[in-house]
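Analysis of the macromolecular model
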Amino acid sequence: MAEPAQIPVVGAGTGPFAGQLASMRSIKSLKDWVGEGYRKYYSTVFKVRAFQDWQLIVSGPTLIDELRKAPDDVLSFREATAIGIQSDYTLGDWRDETPLHIGLVKTRLTRSLPGLFPSVVEEIDAAFSDEITNKLHGNEWTTMAVVDPLSRVVCRTSNRVFVGLPLCRNPEYVDINVRYTVDVIVSANIIKQFPQFLKPLVGRYMTPIPKTYAKASRVMTEFIDERKRQSEEHGKNWEDKPDDFLQWILDAGEARDKETPALITRLLRLNFAAIHTTALSFTFALYHVAAEPVKYQEALRQEVHEVLSRHGWTKPAMEKMRKMDSLLRETQRYHGLGALSMTRLAMQDFTFSDGTHVKKGQLVAAASRATHYDGSIYPEPDKFDGFRFYNENEEKEDELSLPNRLVSTSFDFLTFGTGRHACPGRFWAANEMKAMMAYMLTHYDMKMEHEGEVPKEQWFGSAVVPDRSARMMLRKREAQVY
Ligand code: HEM
């Protein structure tokens, strides 16, 4: 990709191999380069060398608004994502897929949540019992790493509303979906290192698609075909008709959306978007809760107790958990998914209002992490303050009508993006994470193995993940029944 001209560079030197050297150093340093660029060139454009590509970075409300508003045939979300995860070799070419799932996730899933909530809670209970409770040593403290168990809990819970029982509990199905995201990201990062002309060759050996698809097909085909058969037999309305994502596609999709291979592929991709984003965000939050038992665990447990005693395990109860909402939002500010958000590929030349000219083929992104650490927006930004967004005077208001809720996006809060492509799954993820946290608080006492220490973030280029090797200590509590 051609290097853009006259845009200030941060992090890379000059000289014949500057780009390649910076590419290697970016694995460790990209976050710091973006932070430095943000401070020097706030509200304009600068560029950094990311692992494979030069990346243009914007900051400040004016330019982020222009990034948000640019149509997809000018600055494309899908094409940028395709480069980011090398989708031709990892997810398959999904650019022709109808965007049906986006609307279904945003509206149908969110609207159906009150009715689906009892089954969600049932799945959380069953999944935590299998993944954690049954592995505890009686009533003693037990030490364990939690990233993998939590990923499986998130996978099961999400799939209770994606495909329902019994598939959501099938261990092979869970394993396929949990592994697929990791396989996609690892393969993408390897494939990215090769020049374009070698990618088809390398991709053929590195691609996780055929293996994953073959396994998924073995586990899912009979289940999906049986559901299709029932739908055809009963028509639109039937007793015990499942209320899940698979059924919504069968009801609303075009003929090509309903073909079994297309359904399998779409479900794998939906899981790709849903599981790790949620599991990693939840793990970050949990580490803070476990590291500060008095400040967070007791305060949140008290809130959960008050809310559940009045409203039971319901969707409205999750909306009343304001301190919990604040802690999860602070987690997204403090850690998020990485240094950048809203990455777009220029499909044609584009000029920002500050005069910066972006050439067709260049990647542009917003400096989300640096924005979240800007002291003029968030006082004492380096401090994790779980109740930063909590305001007791707002207790009676509707969740979505207020700023500073976990799901509210803005130019200052970018972990879910903002605008047209802002994560449509965030409403679901917010409820899922609150229900999981409420469950853990009511069922376990928790602390970190190294008491009081929040494990360090692990960075890889622009991405951040919680330390998988960190271990927590858990002990069964006498759970209250609500
Ligand atoms: C804490 C959890 C999550 C985080 C932090 C997150 C974050 C994001 C981000 C940053 C984007 C891209 C925004 C942009 O570039 O403008 C996105 C897109 C998307 N997310 Fe999420 N996500 C989460 C959970 C989920 C879940 C649970 C689902 C599904 C149920 C989901 C489905 C999607 C989809 C379908 C898109 C693509 C939207 C489009 O094409 O316009 N996400 N998400």
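Residues numbered from 1 in each chain as written. Predicted model: local features only at pLDDT ≥ 70, side-chain atom pairs only at ≥ 80, totals over all residues. Heavy atoms only, no water.

The subject of this paragraph is the UniProt feature "binding site: heme" (unreviewed entry) in the protein chain. Those places that UniProt annotates as "binding site: heme" (unreviewed entry) correspond, in this numbering, to Cys423. Classification of Cys423 by relative accessible area gives partly exposed; the value is 28%. (UniProt positions renumbered as here; feature names shortened; annotations may be inferred. Buried < 20%, exposed > 50% of the residue type's maximum accessible area, 1.4 Å probe, protein only.)

This part is about the environment of Asn391. Tracing the backbone shows Asn391 in the loop between α15 (368–372) and α16 (426–443). Expressed as a C-alpha distance, the spacing of Asn391 and Glu449, which sit 58 residues apart in the sequence, is 32 Å. (Helix = DSSP H or I, 4+ residues; strand = E, 2+ residues; numbered from the N terminus.)

Right, let's get into the site of the ligand. Among the 22 residues in the neighbourhood of the ligand, the closest are listed as Phe77, Ile102, Arg344, His421 and Cys423. Here an oxygen atom of the ligand sits 2.8 Å away from a polar atom, N or O, in the side chain of Arg344. Between the ligand and His421, the relevant distance is 2.6 Å, taken from an oxygen atom to a side-chain nitrogen or oxygen of the residue. Put simply, the parts of the chain that give the shell around the ligand at least two residues each are α5 (100–131), α11 (260–291), β5 (341–346) and α16. Sort the elements by how many residues they give to the shell around the ligand and α11 lands first, with 5 residues. (Near = heavy atom within 4 Å. Polar contact = N/O pair within 3.5 Å; in protein donor to acceptor, adjacent residues only side chain to side chain.)

Attention shifts here to helix α6 (residues 147–162). Between its terminal C-alpha atoms α6 stretches 22 Å, which fits the 22 Å expected from 16 residues at 1.5 Å a residue. Here α6 lies mainly inside the structure; 14 of its 16 residues are buried. Trailing α6 by a residue or two, Gly164 shows a phi angle of about 75 degrees, which is positive. (Expected span 1.5 Å × (residues − 1).)

What follows concerns the coordination of the iron atom of the ligand. Think of it this way: four donors in a tetrahedron around the metal ideally sit 109.5 degrees apart, and six in an octahedron ideally sit 90 or 180 degrees apart. Donation to the iron atom of the ligand from the protein comes from one atom only, Cys423 (SG), at 2.3 Å. Mapped onto the elements of the fold, Cys423 is located in the loop between α15 and α16. (Donors = N, O, S within 2.8 Å, 3.2 Å for Na, K, Ca; no water.)

Moving on, we come to the nonpolar core. Residues Phe128, Met440 and Met446 are the most contacted members of the largest nonpolar core, which totals 98 residues. With 17 residues, the top contributor of residues to this core is α11. In terms of nonpolar packing, the next biggest core, distinct from the first, is built from 18 residues, Leu56, Val58, Val74 and Ala346 among them. (Core = buried A, V, L, I, M, F, W, Y, C linked by side-chain atoms within 4.5 Å.)

Of note, the bond from Leu165 into Pro166 is cis; its omega dihedral lies within 30 degrees of zero at -5 degrees. Inspection of the secondary structure puts Pro166 in the loop between α6 and α7 (171–191). For Gln86, which is not glycine, the phi dihedral falls at a positive 45 degrees. Along the chain, Gln86 turns up in the loop between α3 (77–84) and α4 (87–90). In the Ramachandran plot, Asp240 falls in the positive-phi region, its phi being about 65 degrees despite a non-glycine side chain. In this fold, Asp240 is placed in the loop between α9 (209–234) and α10 (245–252).

Time to look at the packing of helix α12 (residues 293–311) against helix α14 (residues 322–334). Contact geometry for α12 and α14: axes closest at 8 Å, N-to-C directions at 135 degrees. When the axis of α12 is compared with that of α14, the two are oblique. Contacts between α12 and α14 involve Tyr296, Leu300, Glu303 and Val304 on the former and, on the latter, Arg322, Lys323, Met324 and Leu327. Across the contact of α12 with α14, the residue classes break down as 5 nonpolar, no polar and 3 charged. (Axes fitted to C-alpha atoms, helices over the stretch in contact; angles between N-to-C directions. Parallel < 35°, antiparallel > 145°, perpendicular 65-115°, else oblique. Contact = heavy atoms within 4.5 Å. Nonpolar A, V, L, I, M, F, W, Y, C, P; charged D, E, K, R; others polar.)

Moving on, we come to the sheet that holds strand β8 (residues 363–366). Read across the sheet, 5 strands follow the order β1-β2-β8-β5-β3 without closing on themselves; strand pairing throughout is mixed. Bordering the open sheet on either side are β1 (45–49) and β3 (75–76), each of which pairs with just one other strand. Where β5 lies against β8, 3 bridges are found, and the strand directions are antiparallel. Across the sheet, the residue bridging to Ser341 is Ala366, located in β8. Contacting β1 and β2 (54–58), helix α1 (residues 18–40) runs over the sheet at an angle of about 145 degrees to β1. (Pairing = 2+ DSSP bridges.)

This next bit is on the sheet that holds strand β9 (residues 444–448). Strand order in the open sheet formed by 3 strands is β4-β12-β9, with antiparallel pairing between adjacent strands. Both edges of this open sheet fall to β4 (142–145) and β9, since each of them pairs with a single strand only. Averaged over all pairs of adjacent strands, the angle between strand axes in this sheet comes to 35 degrees, irrespective of strand direction. The pairing of β9 with strand β12 (residues 471–476) spans 5 bridges and is antiparallel. By the bridge assignment for β12, Asp445 is matched with Arg475. Together, β9 and β12 form the strand contacts of α11, whose direction differs from that of β9 by roughly 90 degrees.

Applying the stated criterion to the full structure yields 0 disulfides. Here Cys155 stays free of any disulfide, with the sulfur of Cys168 as its closest cysteine sulfur at 8.8 Å. (Disulfide = S-S within 2.5 Å.)

This part is about the side chain of Asn177. Residue placement: Asn177 occurs in helix α7. Judged by relative accessible area, Asn177 falls into the buried class, the value being 1%. Non-local contacts of Asn177, meaning those with residues more than four positions away in its chain, are made with Cys155, Leu267, Leu268, Asn271 and Ile275.

As a further point, take the pairing of β12. Bridge analysis of β4 against β12 gives 4 bridges, and the strand direction is antiparallel. Each residue of the ladder has a partner; that of Met144, found in β12, is Met472.

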